[in-house]
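Structural features, examined
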Amino acid sequence: MGKRSVIADIRDAFGSELDAGQQSALISWLAFTGTFAGVRGVTHAIRAGKGPFKNLSVGGEHLHHYMWGIGLLAGVGAVAVRGDEKLRRHPVTGAAYGSGLALIVDEFALLLDLKDVYWAREGRVSVDIGVGASSVAGSYFAALPVLREVARKRGLPPPDKPLQKIRAAANRRQADGQPTEEPGSS
């Protein structure tokens with residue numbers, strides 16, 4: 001019998017290691033990350049005049065992509081308020097939530113200032129890096145049970161080994177009566 005594919009192991013771990021709520025959270029984080037990255041790529045391509053992408057306008061007014069995000073979140077809200085449990089936990093609901101949120105977050109400066117400052121230099125790079133890092137970190141932590149199971153099945157070290165070392169060192173310091181610092185506090 002041949003080796004199983006990594007995709008098959010991930011699919012099995014997704015079903016066995018995550019309950020329905022965890023599955024929805026992971027799908028939401030992955031959709032947020034993918035949508036945010038995709039929207040960043042498309043908007044940069046439009047700005048550079050590359051590829052098939054163009055701004056969408058109606059009657060001379062540009063339609064910002066936060067509008068589609070608001071529409072997606074409104075649909076998810078309707079499912080949350082009126083949908084049955086199976087519909088609330090459906091993967092499409094999680095994906096719509098993550099994608100809708102990314103579309104809104106990507107244009108948050110426009111919503112905050114109520115003027116189109118999307119391409120302003122101030123802070124744009126740091127916002128992109130911050131949101132990008134947050135979305136990757138959220139996706140990682142939501143996927144950790146799946147990654148652990150796949151690593152176990154494949155005989156690899158667990159993906160959170162560095163975190164275990166940090167916790168062990170903090171526990172040793174605490175047992176020795178030394179003060180411990182929380183990560184990020186200084």
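Refer to the structure printed above.
To start, this report covers the structure provided alongside it. Keep in mind the model is a prediction, meaning the values are calculated, not measured.

1. Regarding the side chain of Ser99
Mapped onto the secondary structure, Ser99 falls in helix H5 (residues 91-106). The residues touching Ser99, leaving out its near neighbours within four places in the chain, are Ala31, Phe32, Thr35 and Leu72.

2. Looking at the packing of helix H3 (residues 66-82) against H5
Between H3 and H5, the least distance of the axes is 7 Å, while the angle of their chain directions is 145°. The way H3 lies across H5 gives a crossing that is left-handed. Every residue of H5 that contacts H3 at Tyr66, Trp68, Gly69, Ile70, Leu72, Leu73, Val76 and Val79 is listed here: Thr93, Ala96, Tyr97, Ser99, Gly100, Leu101, Leu103 and Ile104. Across the contact of H3 with H5, the residue classes tally to 12 nonpolar, 4 polar and no charged.

3. Considering the pattern of salt bridges
Side-chain pairs of opposite charge can arise where the charged atoms are in close proximity. Scanning the entire structure with this criterion turns up 8 salt bridges. Notably, a salt bridge pairs Arg154 with Asp9, separated by 2.9 Å at the nearest N-O pair. With Arg154 in the loop between helix H7 (124-153) and helix H8 (161-175) and Asp9 in helix H1 (residues 6-17), this residue pair connects regions lying 145 residues apart in the sequence. Notably, a salt bridge pairs Arg40 with Asp106, separated by 2.7 Å at the nearest N-O pair.

Calculation rules
Here the residue numbers are simple positions, counted from 1 along each chain's written sequence. With the structure being a predicted model, the display of local features is reserved for residues of pLDDT at least 70 and the display and counting of side-chain atom pairs for 80 or more, all residues being used for whole-chain, interface and lining totals. Heavy atoms from the whole structure form the basis of all side-chain values; hydrogens and water molecules are not counted. The numbering of helices and of strands both runs from the N terminus, where a helix is a DSSP run of H or I of at least 4 residues and a strand a run of E of at least 2. Residue contacts are defined here by distance: any two heavy atoms, one from each residue, within 4.5 Å place the two residues in contact. Lines fitted to C-alpha atoms define the axes here, with helix axes fitted over just the stretch in contact, and angles between the N-to-C directions of these axes take values from 0 to 180 degrees. The hand of a helix crossing depends on one turn: near helix anticlockwise from the far one by less than a right angle means left-handed, and clockwise means right-handed. Each residue receives one of three labels: charged for Asp, Glu, Lys and Arg, nonpolar for Ala, Val, Leu, Ile, Met, Phe, Trp, Tyr, Cys and Pro, and polar for the others, Gly being one of them. By definition here, a salt bridge exists when the distance from a side-chain nitrogen of Lys or Arg to a carboxyl oxygen of Asp or Glu is within 4 Å.

Any link to function would need more than the numbers given here.
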